[in-house]
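# Examining the three-dimensional arrangement
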Amino acid sequence: DKIFSEKCKDIIDIADRFGVGNLKVEAEGWYVKSTPITLDNFVENLYFSDTKKCALLKEKVMDFLVQNEIPALDKLAKVDVPQSESMLTDFLTASARKKRQERNDYQLKTMS
């Protein structure tokens, strides 16, 4: 398991290159489970998830960004971040999901 998780990005890359979807999804799942998203690695993971079309990884990074908006923005101001058309939409979707969850949690508290 440890060897597999360390090589997941390589496996994702190769599976993507040769169109082996099931392997790519499996490797992405292992990578997401075994890799914490941090201020030091979120840019790299966001770019990787976007270029390799790794939806699960991108969702994890976007959730991290929503939870850590201020420090993440500070970090982004200091680095050159590759951009794609979908990144803003993905971020707004993650932000809306968080706000919807907070609203639902608040409604449940007021009902009890």
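Everything below is about the structure printed above this text.
Read on for an overview of the structure. Since the structure is predicted, the reported quantities are computational estimates derived from the model, not experimental observations.

### Here's the deal with helix α4 (residues 42-51)
Counted residue by residue, α4 has 7 buried out of 10 residues, so it is predominantly covered. One or two residues past the end of α4 sits Lys-53, with phi positive at roughly 55°.

### A few points about the packing of helix α2 (residues 8-18) against helix α3 (residues 21-34)
One can describe the packing of α2 onto α3 by two numbers: an axis separation of 8 Å at closest approach and a directional angle of 160°. The pairing of α2 with α3 is recorded here as roughly antiparallel in orientation. As for how α2 packs across α3, the hand of that crossing is left-handed. Where α2 abuts α3, its residues Cys-8, Lys-9, Ile-11, Ile-12, Ala-15 and Asp-16 lie against Leu-23, Lys-24, Ala-27, Glu-28, Trp-30 and Tyr-31. Looking at the contact of α2 with α3 residue by residue, the classes come out as 8 nonpolar, no polar and 4 charged.

### Re unusual backbone geometry
The phi torsion at Lys-53 lies on the positive side, around 55°, for a residue other than glycine. If you trace the backbone, Lys-53 turns up in the loop between α4 and α5 (55-67).

### Looking at the pattern of salt bridges
Following the criterion strictly, the structure yields 8 salt bridges and no others. Of the charged contacts in the structure, one is a salt bridge between Asp-13 and Arg-17, with a shortest N-O distance of 2.7 Å. Of this pair, Asp-13 and Arg-17 both sit in helix α2, 4 residues apart, which is roughly one turn of that helix. Between Lys-98 and Glu-102 there is a salt bridge, with its nearest N and O atoms 3.7 Å apart. A residue pair is termed a helical-turn pair when its members lie 3 or 4 positions apart in one helix, as Lys-98 and Glu-102 do in helix α7 (residues 85-111) at 4 residues.

### Re α2
Every buried residue of α2 is accounted for by Cys-8, Lys-9, Ile-11, Ile-12 and Ala-15. What you see down the axis of α2 is that its buried residues fit within an arc of 160°, all on one side. Among the exposed residues of α2, those pointing more than 90 degrees away from its buried face are Arg-17 and Phe-18. Remark: Gly-19 follows α2 within two positions and exhibits a positive phi of approximately 70°.

### Details of a nonpolar patch on the surface
Taken together, the side chains of Ile-14, Phe-18, Val-20 and Leu-23 define a hydrophobic patch exposed on the protein surface, amounting to about 370 Å² of accessible area. Relative to the helices and strands, Ile-14 is located in helix α2.

### Quick word on the packing of aromatic side chains
Considering all chains together, one arrives at 1 aromatic pair under this definition. For the pair Phe-42 and Phe-64, a centre-to-centre distance of 5.9 Å together with 35° between the ring planes defines the contact as tilted. Within this pair, whereas Phe-42 is found in helix α4, its partner Phe-64 is found in helix α5, the two being separated by 22 residues in sequence. On the accessibility criterion, Phe-64 (13% relative accessible area) is buried. It is Lys-9 that lies over the ring of Phe-48; its NZ or CZ is 4.8 Å from the centre. When the ring centre of Trp-30 is taken as reference, the NZ or CZ atom of Lys-33 above it lies at 6.0 Å.

Procedures and definitions
- Residues numbered from 1 in each chain as written.
- Predicted model: local features only at pLDDT ≥ 70, side-chain atom pairs only at ≥ 80, totals over all residues.
- Heavy atoms only, no water.
- Buried < 20%, exposed > 50% of the residue type's maximum accessible area, 1.4 Å probe, protein only.
- Helix = DSSP H or I, 4+ residues; strand = E, 2+ residues; numbered from the N terminus.
- Axes fitted to C-alpha atoms, helices over the stretch in contact; angles between N-to-C directions.
- Parallel < 35°, antiparallel > 145°, perpendicular 65-115°, else oblique.
- Left-handed = near helix turned anticlockwise from the far one by under 90°.
- Contact = heavy atoms within 4.5 Å.
- Nonpolar A, V, L, I, M, F, W, Y, C, P; charged D, E, K, R; others polar.
- Salt bridge = Lys/Arg side-chain N within 4 Å of Asp/Glu carboxyl O.
- Arc of directions from axis to C-beta.
- Patch = residues over 30% accessible without salt bridge, like charges linked within 9 Å, V, L, I, M, F, W, Y side chains within 5 Å.
- Areas by Shrake-Rupley, 256 points an atom, 1.4 Å probe, with all protein chains shown as cover.
- Phe/Tyr/Trp six-rings, centres within 6.5 Å; stacked < 30°, edge-to-face > 60°.
- Lys NZ or Arg CZ within 6 Å of the ring centre and 35° of its normal.

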